[in-house]
Amino acid sequence: MNTIEEIANVLKGLKSAVIFTHMRPDGDTLGSGMALSRALSLLKIENQVVNEGPIPENFRFLPGIDKILRAPTLDAEAYICVDSSDESRLGALQNIYFAGAAKKITVNIDHHVSNTRFAKYNYVRVCSANCQNMTELISDMGVPFDQEIANYLMTGLATDSGGFSHSDVDGDTFRAAAKAADAGADVNTITYHLFRKKSRARAELYAEVIGNLRYLTGDTLAVAVVTKAMLSKYGLDTDATEGFVDFALTVDTVEVSVCLMETGKGQYKASLRSKGKVNVNEVARRFGGGGHVLASGCMLFGELEEVIDRLRYAVYQHTEDA
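This one's a predicted model, so the numbers in the text were calculated from it and none came from an experiment.

Asker: Help me out: how do you make sense of the overall build of the protein chain in this one?
Answerer: Broken down by element type, the protein chain carries eleven helices and eleven strands. The C-alpha atoms of the protein chain give a radius of gyration of 19 Å, which matches the 20 Å a tight globule of 322 residues would have. When its C-alpha atoms are laid out on the principal axes, the protein chain stretches across 55 × 40 × 40 Å. When burial is assessed residue by residue, the protein chain has 53% of its 322 residues classed as buried. In the protein chain, of all internal contacts separated by at least 6 residues, the share reaching a separation of at least 24 is 67%.

Here is the structure:
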């Protein structure tokens, strides 16, 4: 693996770049991508940020977020992937990445323990948020932080750390946040849009989902289910469910929380969270997914009750006391 200094030198030497963010974008991939884009622009390096789908409403307050493209229009010298453990996380854009990877400089900047080191240049440090890595990288590139960079970085730091509440938050997380705050990050505006602002429709969906939580395995596993019919009922998209999985971890008996999102007939996207007794990265890997020890995701196929049973058994097998 490369050092952060080596990655910084590669990026500073570029003439142009496309920055790939992962599908179903969250604050960390968007914050990483937009902060790096701003840094490259300040170095007069032409660049674009791309994502396969629409940007969730709660991130649209960020300046420049509307410039993210569904596909690159720039024949860039380099492809840079941020906050993506492997190429499949790029969704529909992975085909574009694969098509150009052989003839372009490829860079992978990530913080997932499951990262496959898929690029020519890789920097993977497991930490609370990839924006921690991006804070260090932009500093090593010699780019002074302005308020725009600061807001992007603070967005990623706040979202992936659960508002600085997750167990992997350490001094480096707070030092990165302090650097962003010192550069003018608007913490009040950012946290309002990320954690407090919601529509009535989203509030009503949340109430229904949480009101129908299933408690399994002696109340140590909680499963929330969001169906396509429920989203249609409230006129919402899948991004409205961001954060739903976190609620059940506030229940004292629950060790693992799962949110199952119906994406098609017999298809469910599972988001998994753990308090620490269960390595949910290993659980997700059994189903072709991955992520972090305490937060991971995967896709499951089958009837809902079958999917829940398979998840329940997998969680049981990866529980420390099992």
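Asker: It is not clear to me how the packing of helix α4 (residues 130–140) against helix α5 (residues 147–160) should be interpreted in this structure. Could you clarify?
Answerer: It is the contact of α4 with α5, at a shortest axis distance of 8 Å, that shows an interaxial angle of 150°. With respect to α5, the element α4 is oriented roughly antiparallel. Contacts between α4 and α5 involve C131, Q132, M134, T135 and I138 from the former and I149, Y152, L153, G156 and L157 from the latter. Tallied by class, residues from the contact of α4 with α5 come to seven nonpolar, three polar and no charged.

Asker: Got a minute to help me understand the side chain of S128 in this structure?
Answerer: For S128, the position within the fold is in the loop between β5 (121–124) and α4. Classification of S128 as buried rests on a relative accessible area of 2%. Every residue in contact with S128, bar those within four places of it in the chain, is listed here: H111, D160, S161, D168, V169 and T173.

Asker: What is the right way to look at the environment of L205 in this model?
Answerer: Among the structural elements, L205 can be located in helix α8 (residues 200–211). Ignoring anything within four residues of it in the chain, the contact list for L205 reads M230, L231, Y234, L236, T241 and F244.

Asker: Any chance you could explain the layout of surface pockets here in plain terms?
Answerer: The gaps of empty space that remain are located by a probe, the size of a water molecule, rolled over the atoms. Its volume calculated, the second largest pocket comes out at about 240 Å³. Residue assignment for the lining of the second largest pocket shows that the elements contributing at least two residues are α2 (27–42), β2 (46–50) and α5. Ranked by residue count, the leading element in the lining of the second largest pocket is α2, at four residues.

Asker: Would you take a moment to explain the nonpolar core for this structure?
Answerer: General note: in soluble globular proteins, nonpolar side chains tend to be found buried as a group. Residues L11, L36, I80 and L137 are the most contacted members of the largest nonpolar core, which totals 48 residues. For this core, the element with the highest residue contribution is α5, accounting for seven residues. Excluding residues that lie within four positions of it along the chain, L137 makes contacts with I4, I7, A8, L11, L36 and I109.

Asker: Where do I start with the sheet that holds strand β8 (residues 256–264) in this structure?
Answerer: Two strands in a sheet stick together by hydrogen bonds in their backbones, pointing the same way (parallel) or opposite ways (antiparallel). Spatial ordering of the open sheet is given by β6-β7-β8-β9-β11-β10, a layout of six strands whose pairing is mixed. Of all strands in the sheet, those bounded by a partner on one side alone are β6 (214–216) and β10 (290–291). Both strand β7 (residues 221–226) and β8 contribute to a ladder of six bridges, which runs parallel. Among the inter-strand pairings, A224 is bridged to a residue of β8, identified as C259. Its contacts with the sheet place helix α11 (residues 304–317) against β6, β7, β8, β9 (267–274) and β11 (295–301), and it is angled at close to 150° to β8.

Asker: Looking at this structure, I do not really get the packing of aromatic side chains. What am I missing?
Answerer: Two aromatic rings, taken as a pair, are described by how far apart their centres are and by the angle between their planes. Inspection of every chain in the model, using the stated rule, returns nine aromatic pairs. Relative to Y97, the ring of F20 has its centre 5.9 Å away and its plane inclined at 85°; by these criteria the two rings are edge-to-face. Residue F20 is found in strand β1 (residues 16–20), and its partner Y97 is found in helix α3 (residues 94–101); the two are separated by 77 residues along the sequence. Residue class for F20 comes out buried when judged on its relative accessible area of 0%. Residue Y97 is classed as buried on the basis of its relative accessible area of 1%. When the ring of F164 is compared with that of F174, the centres are 5.6 Å apart and the planes differ by 25°; the resulting orientation is stacked.

Asker: What is the right way to read the environment of A99 from this model?
Answerer: One can find A99 in helix α3. Classification of A99 by relative accessible area gives exposed; the value is 58%. Expressed as a C-alpha distance, the spacing of A99 and Q132, which sit 33 residues apart in the sequence, is 30 Å.

Asker: What is the right way to look at unusual backbone geometry in this model?
Answerer: Generally, phi is negative for residues other than glycine and the peptide bonds are trans, each holding for most cases. Phi angles above zero are rare outside glycine, and D83 is one such case at about 60°. Topologically, D83 is positioned in the loop between β3 (78–82) and α3. One non-glycine residue with positive phi stands out, namely T217, at about 50°. Within the fold, T217 resides in the loop between β6 and β7.

Rules used throughout
- Residues numbered from 1 in each chain as written.
- Predicted model: local features only at pLDDT ≥ 70, side-chain atom pairs only at ≥ 80, totals over all residues.
- Heavy atoms only, no water.
- Helix = DSSP H or I, 4+ residues; strand = E, 2+ residues; numbered from the N terminus.
- Rg over C-alpha atoms; globule rule 2.2 N^0.38 Å.
- Buried < 20%, exposed > 50% of the residue type's maximum accessible area, 1.4 Å probe, protein only.
- Contact = heavy atoms within 4.5 Å.
- Axes fitted to C-alpha atoms, helices over the stretch in contact; angles between N-to-C directions.
- Parallel < 35°, antiparallel > 145°, perpendicular 65-115°, else oblique.
- Nonpolar A, V, L, I, M, F, W, Y, C, P; charged D, E, K, R; others polar.
- 1 Å grid on protein atoms, 1.4 Å probe; cavity = no way out; pocket = protein on both sides within 12 Å on 5 of 7 lines; lining within 4 Å.
- Points joined across faces, edges and corners; volume = space filled by probe spheres on them.
- Core = buried A, V, L, I, M, F, W, Y, C linked by side-chain atoms within 4.5 Å.
- Pairing = 2+ DSSP bridges.
- Phe/Tyr/Trp six-rings, centres within 6.5 Å; stacked < 30°, edge-to-face > 60°.

Geometry only, nothing functional implied.
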